[in-house]
Amino acid sequence: MGRGKLRIYLGAAPGVGKTYAMLSEAHRRVERGTDCVVAFVEHHGRPRTEVMLHGLEQVERRELEHRGAVFTEMDVDAVLRRAPAVALVDELAHTNIPGSRNPKRWQDVEELLAAGIDVVSTVNIQHLESLGDVVESITGVRQRETVPDEVVRRADQIELVDMSPEALRRRMAHGNIYTPDKVDAALSNYFRPGNLTALRELALLWVADRVDEYLQRYRSEHRVSKIWGSRERIVVGLTGGPEGRTLIRRAARLAEKGAGGEVLAVYIASSDGLTSASPDELAVQRTLVEDLGGTFHHVVGDDIPAALLAFARGVNATQIVLGVSRRKSWQYVFGPGVGATVARDSGTDIDVHLITHDEAGKGRGLPVARGARLGRSRIIGGWAVGVAGPAIMAVLLNTVHLGLANDMLLFLSVTVAAALLGGLLPALASAALGSLLLNYFYTPPLHRWTIADPKNIVAIVIFVAVGASVASVVDLAARRTHQAARLRAESEILSFLAGNVLRGETGLEELLERVRETFGMESAALLERSGDHEPWTCAGRAGIGPPVGRPEEADVDVAVGDHMALALTGRVLPAEDRRVLAAFAAQAAVVLDRRRLMEEADRARALDEGNRIRTALLAAVSHDLRTPLAGIKAAVSSLRSDDVAWSEEDRAELLEGIEEGADRLDHLVGNLLDMSRLQTGTVTPLIREVDLDEVVPMALVGVDEDGVRLDIPETLPMVAVDAGLLERSMANLVENAVKYSPPGKPVLVAASALADRVEVRVVDRGPGVPDEAKERIFAPFQRYGDAPRGAGVGLGLAVARGFAEAMGGTLEAEDTPGGGLTMVLTLRAQAPHAPQPLPSPQEQPERQAT
């Protein structure tokens with residue numbers, strides 16, 4: 001059975017109609033005869049949504065008890081047993097109640113998809129994990145229920161459910177989203193027009209990017225080369241010269257004029273190092289384009305205009321930005337230049353902009369490194385001079401005879417010119433033709449192919465030897481230039497690769513994409529196998545249709561060790577390129593090993609932490625639970641004894657001892673459970689406005705009234721906290737302070753406002769803690785100094801700090817002036833006239849669970 005398909009209705013905010021749209025789709029499928037069930041849909045009391053559930057089969061939910069309340073969650077096992085063709089699962093980012101099959105609902109959906117069940121789900125843009133910081137900066141609310149972007153990206157279909165902010169606010173005002181008592185608060189906070197507009201823009205841009213990815217994949221699969229101007233993509237051609245910064249800034253301004261514009265800067269290096277650009281200048285330009293929101297690309301191509309146009313068409317670019325040539329006027333006799341060639345060959349689908357700059361017309365300024373072949377134009381020129389030059393020289397010398405010595409020098413100059421232009425073969429041809437013409441026209445006897453004077457034979461031989469020698473020197477120089485250029489190009493690519501590693505670009509897929517891009521290949525994949533006879537598996541891939549079977553099936557493969565290979569498709573690379581490719585392959589293997597080592601380290605760290613906590617729990621149970629249990633058992637045994645007639649006072653004392661032991665056990669077990677929740681990350685606070693003078697006194701229940709002094713002004717602003725978590729934190733802090741305070745010196749609990757924060761200080765006059773131990777006392781199962789076993793298991797401060805951080809606060813330890821320790825609990829103050837925004841419907845189940 002294959003994997004099921006996932007369809008997601010994506011919205012910008014609660015109430016836009018995602019669930020309604022999902023249920024409408026379900027009714028359409030049922031009418032077509034599709035086996036469709038409701039696995040979990042939350043209508044949030046909205047009548048129109050609730051009506052849409054009628055006529056649809058609903059799988060019974062699973063009931064879970066949490067904190068004395070009963071909640072319902074999707075019953076994954078029941079859905080799997082039912083095995084429908086399509087299951088509706090609302091609120092993909094929802095966090096399940098503790099005790100559920102999986103911590104998150106999207107993990108439940110993954111199980112359904114793996115079982116071959118198609119799933120239709122919903123999610124809001126603010127619940128995507130990568131957008132958490134952006135959404136918080138817009139709305140002021142941190143979304144605690146998130147779903148990894150990759151889960152949504154992998155969806156087979158993503159449908160945007162859109163609604164204008166004005167229409168959504170009207171729905172809110174009509175009571176179609178929240179109950180009437182919450183409408184005013186919602187409209188003035190989370191559902192402000194600015195918030196909704198920004199969230200809508202996020203949703204539209206995110207979906208546009210996904211559509212663009214699909215379009216690129218479709219164009220590659222169907223080999224579409226024609227430009228589809230669905231959005232403005234501007235390619236900036238860089239030479240490595242200082243004018244590149246001007247071009248990048250100009251392209252960024254062009255991109256800003258169109259919605260969704262994108263800038264792609266590309267530097268094209270010849271495979272033989274045609275342009276020796278400054279690595280430092282390229283690094284500056286790369287940083288500039290990335291700061292402006294664009295991307296930098298480094299590709300290889302011998303024909304710069306063709307490579308630039310191929311890159312532009314490959315990324316579906318609509319515009320190309322180039323700088324006006326730096327060549328001087330006389331240099332145009334060698335060709336029209338890159339800009340003119342690109343403009344001529346771009347066709348009607350790509351606009352070419354030639355931008356003026358300060359370096360225009362000043363000369364290239366960059367040395368040109370020639371390849372092993374001197375270039376087509378130079379070779380043609382060399383043959384033209386080598387063949388036509390001697391004939392033209394003979395015609396000229398027939399009119400003005402200067403003597404055999406001068407004639408030979410003139411013919412030798414033609415041979416040297418042919419050697420300088422075309423290399424060895426044109427020079428040899430010129431020398432041979434020149435020697436024949438000298439023999440026929442200027443060496444006695446004239447007009448015959450014989451030489452009368454032996455001295456003239458020596459002269460002609462020297463003439464041919466000098467011509468051949470000069471040609472050999474020119475050819476050797478060209479070969480050495482080619483080798484130097486190849487080494488320079490390789491060093492630039494390797495330096496670029498090392499720079500990527502230093503910048504932290506160590507993702508395997510990113511590295512493979514860089515390999516594909518650098519060598520102009522269609523795809524790249526890193527294949528591996530566990531043994532010589534085991535099948536190959538793909539560890540990472542980039543591009544369209546990468547080889548996933550065997551390395552031999554690819555156009556190019558480079559072995560990395562015995563059981564790993566880098567495979568590329570697209571074209572056959574020359575042998576000299578394999579050395580650089582081998583460096584990329586080795587780096588890919590290192591990146592893969594590093595990733596796996598990090599995963600192993602994370603697993604080992606989790607196991608080590610779990611083992612440490614389990615060991616500490618065993619120690620706590622074996623030692624710290626024994627004393628209260630022994631006291632309770634002794635008191636109960638005494639009360640049950642028939643041998644002693646207990647007075648009312650004795651009976652009351654024994655019962656008080658039982659109660660104290662039970663309270664102590666309850667406190668200890670509560671801390672153990674709280675620490676377990678903190679370690680597993682299941683603490684989800686219910687943040688709301690709270691007055692400190694309402695919560696702090698409740699934390700002092702059970703503490704001697706004479707042992708604590710409160711100083712909490714009534715003028716303090718309200719704090720944004722979870723009242724239950726704050727009470728537990730304060731109780732632990734006060735208990736710790738009372739434990740170490742000497743008799744007659746009460747603990748001071750004082751609060752004060754500081755900017756947008758409120759500080760609560762718990763001050764004791766005990767022995768204090770040295771600076772090097774102030775952080776250690778917050779670690780689980782740590783007790784400072786010679787605290788006796790009966791003083792607890794060392795969880796109170798760890799739990800207090802964990803709860804404080806869960807609420808967005810901090811807990812630090814300071815010295816008390818005059819001796820002692822002060823615990824400083826810093827909380828967020830609620831801004832006046834800006835009540836905390838209402839939770840979205842997707843967040844409500846999680847918050848109720850806490």
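In what follows, the accompanying structure is described. (Residues numbered from 1 in each chain as written. Predicted model: local features only at pLDDT ≥ 70, side-chain atom pairs only at ≥ 80, totals over all residues. Heavy atoms only, no water.)

## Let's talk about the overall build of the chain
Looking only at helices and strands, the chain features 25 helices and 24 strands. The 850 residues of the chain split such that 46% are buried. For the chain, the proportion of contacts with a sequence separation of at least 24, taken over those separated by at least 6, is 71%. (Helix = DSSP H or I, 4+ residues; strand = E, 2+ residues; numbered from the N terminus. Buried < 20%, exposed > 50% of the residue type's maximum accessible area, 1.4 Å probe, protein only. Contact = heavy atoms within 4.5 Å.)

## Re helix H1 (residues 18-31)
An ideal rise of 1.5 Å per residue puts 20 Å on 14 residues; H1 measures up with 20 Å between its terminal C-alpha atoms. All of the buried residues in H1 are Lys18, Thr19, Ala21, Met22, Leu23, Ser24, Glu25, Ala26 and Arg29. (Expected span 1.5 Å × (residues − 1).)

## Section: the sheet that holds strand S23 (residues 810-815)
Read across the open sheet, the five strands follow the order S19-S21-S22-S24-S23; overall the sheet is mixed. At either margin of the open sheet sits one strand with a lone partner, and together these are strand S19 (708-711) and S23. The sheet shows a mean angle of 20 degrees between the axes of neighbouring strands, taken without regard to direction. Of the pairings in the sheet, the one linking strand S21 (residues 747-754) to strand S22 (residues 757-763) comprises seven bridges and is antiparallel in character. In the strand pairing of S22, valine 749 is matched with valine 762. Sheet strands in contact with helix H24 (residues 796-806) are S23 and strand S24 (821-828), and its direction is about 130 degrees off that of S23. (Pairing = 2+ DSSP bridges. Axes fitted to C-alpha atoms, helices over the stretch in contact; angles between N-to-C directions.)

## Points about the pattern of salt bridges
Where side chains of opposite charge bring their charged atoms close, a pairing between them can arise. In total, this model carries 26 salt bridges according to the counting rule given. A salt bridge links glutamate 42 to arginine 61; its shortest N-O distance comes to 3.7 Å. Of the two residues, glutamate 42 is situated in the loop between strand S2 (36-40) and helix H2 (47-52) and arginine 61 in the loop between strand S3 (57-58) and strand S4 (62-66); the sequence distance between them amounts to 19 residues. Look at arginine 61 and you get partly exposed, because its relative accessible area is 28%. A salt bridge links arginine 801 to glutamate 812, with the shortest nitrogen-to-oxygen separation between them at 3.4 Å. Of this pair, arginine 801 sits in helix H24 while glutamate 812 sits in strand S23, and the two are eleven residues apart along the sequence. Assessed through its relative accessible area of 37%, glutamate 812 is described here as partly exposed. Salt bridges linked by common partners bring Arg7, Glu25, Arg28, Arg29 and Glu159 together as one network. (Salt bridge = Lys/Arg side-chain N within 4 Å of Asp/Glu carboxyl O.)

## Re the packing of helix H15 (residues 404-422) against helix H16 (residues 424-442)
Between two packed helices, both the angle of their axes relative to each other and the distance between the axes serve to describe the pair. Between H15 and H16, the shortest axis-to-axis distance is 7 Å and the interhelical angle comes to 165 degrees. Between H15 and H16, the angle is such that the two are roughly antiparallel. Crossing angle aside, the handedness with which H15 passes H16 is right-handed. When H15 is examined against H16, the residues Leu404, Asp407, Met408, Phe411, Val414, Thr415, Ala418, Ala419 and Gly422 are found in contact with a partner set consisting of Leu424, Pro426, Ala427, Ser430, Ala431, Gly434, Leu437, Leu438 and Tyr442. (Parallel < 35°, antiparallel > 145°, perpendicular 65-115°, else oblique. Left-handed = near helix turned anticlockwise from the far one by under 90°.)

## Looking at a negative patch on the surface
A cluster of acidic residues, Glu648, Glu649, Asp650, Glu653, Glu656, Glu659, Glu660, Asp663 and Asp666, forms a negative patch on the protein surface. Turning to its location among the elements, aspartate 666 is positioned in helix H21 (residues 648-680). By relative accessible area, aspartate 666 is classed as exposed at 58%. (Patch = residues over 30% accessible without salt bridge, like charges linked within 9 Å, V, L, I, M, F, W, Y side chains within 5 Å. Areas by Shrake-Rupley, 256 points an atom, 1.4 Å probe, with all protein chains shown as cover. Lys, Arg positive; Asp, Glu negative; His and termini not counted. Charge placed at Lys NZ, Arg CZ, Asp CG, Glu CD.)

## Quick word on a nonpolar patch on the surface
Taken together, the side chains of Ile379, Trp383, Val387, Leu425 and Leu428 make up a nonpolar region of the molecular surface, amounting to roughly 420 Å² of accessible area. For the nonpolar patch, the elements supplying multiple residues, two or more each, are helix H14 (376-399) and H16. Sorting elements by how many residues they give to the nonpolar patch places H14 first, with three residues. Topologically, leucine 425 is positioned in helix H16.

## Re the side chain of glutamine 285
Among the structural elements, glutamine 285 can be located in helix H11 (residues 279-291). Looking at glutamine 285, the relative accessible area reads 0%, which means it is buried. With sequence-adjacent residues up to four places away left out, glutamine 285 is seen in contact with Leu238, Gly240, Gly241, Gly244, Arg245 and Ile248.

## Topic: the packing of aromatic side chains
Applying the stated criterion across every chain, the model contains zero aromatic pairs. Over the ring of phenylalanine 40 we find arginine 61; its NZ or CZ atom is 4.0 Å from the centre of that ring. Across from the ring centre of phenylalanine 778, 3.9 Å away, lies the NZ or CZ of arginine 801, which sits over that ring. (Phe/Tyr/Trp six-rings, centres within 6.5 Å; stacked < 30°, edge-to-face > 60°. Lys NZ or Arg CZ within 6 Å of the ring centre and 35° of its normal.)

## Quick notes on helix H23 (residues 723-740)
Each α-helix winds once per 3.6 residues, and so residues spaced three or four apart point in a common direction. Between its first and last C-alpha, H23 extends 26 Å over 18 residues, near the 26 Å set by a 1.5 Å rise per residue. Looking at H23, one finds that the buried residues are Leu725, Leu726, Ser729, Met730, Asn732, Leu733, Val734, Asn736 and Ala737. Two or three places before leucine 725, at the opening of H23, aspartate 722 has a side-chain oxygen 3.2 Å from that residue's backbone nitrogen. (Polar contact = N/O pair within 3.5 Å; in protein donor to acceptor, adjacent residues only side chain to side chain.)

## Comments concerning the side chain of serine 100
Relative to the helices and strands, serine 100 is located in the loop between strand S6 (86-89) and helix H4 (105-114). A distance of 2.7 Å separates a polar atom in the side chain of serine 100 from the backbone oxygen of isoleucine 97. Other than its neighbours up to four places away in sequence, serine 100 contacts Arg62, Leu64 and Glu73.

## Thoughts on the pairing of S2
The buried fraction of S2 amounts to five of the five residues, a majority that puts the element mostly inside the structure. Sheet topology note: the S2/S3 ladder contains two bridges and is parallel. Across the sheet, valine 37 pairs through a bridge with glutamate 57, a residue of S3. At this point the chain moves from S2, through H2, to the parallel S3, and the crossover so formed is right-handed. (Right-handed = clockwise from strand over helix to strand, strands pointing away.)

## Points about the nonpolar core
One finds Leu88, Leu92, Leu112, Ile125 and Val147 to be the most contacted residues of the largest nonpolar core, which totals 60 residues. The element that contributes the greatest number of residues to this core is helix H9 (residues 193-221), accounting for six residues. With 42 residues, the next largest nonpolar core counts Ala720, Val760, Phe803 and Leu811 among its residues. (Core = buried A, V, L, I, M, F, W, Y, C linked by side-chain atoms within 4.5 Å.)

## What to know about the sheet that holds strand S11 (residues 295-300)
With parallel pairing, five strands are arranged side by side in an open sheet as S11-S10-S9-S12-S13. Both outer strands of the open sheet, S11 and strand S13 (351-355), are each paired with one neighbouring strand and no more. Pairs of neighbouring strands in the sheet enclose a mean axial angle of 25 degrees, with direction left out of account. Note that strand S10 (residues 262-269) and S11 share six bridges and pair parallel. Each bridged residue has a counterpart across the sheet, and for leucine 264 the counterpart in S11 is threonine 295. Its contacts with the sheet place helix H10 (residues 244-256) against strand S9 (233-238), S10, strand S12 (319-323) and S13, and it is angled at close to 175 degrees to S9. This element, helix H12 (residues 304-314), spans S9, S10, S11 and S12 of the sheet and lies at about 150 degrees to S10.

## Quick look at the packing of H23 against H24
Their axes nearest at 9 Å, the elements H23 and H24 cross at an angle of 150 degrees. The handedness of the crossing between H23 and H24 is left-handed. Residues Leu725, Arg728, Ser729, Asn732, Leu733 and Asn736 of H23 lie in contact with H24, whose contacting residues are Gly796, Leu797, Val799, Ala800, Phe803 and Ala804. Across the contact of H23 with H24, the residue classes break down as seven nonpolar, four polar and one charged. (Nonpolar A, V, L, I, M, F, W, Y, C, P; charged D, E, K, R; others polar.)

The analysis is restricted to geometry; functional conclusions fall outside its scope.
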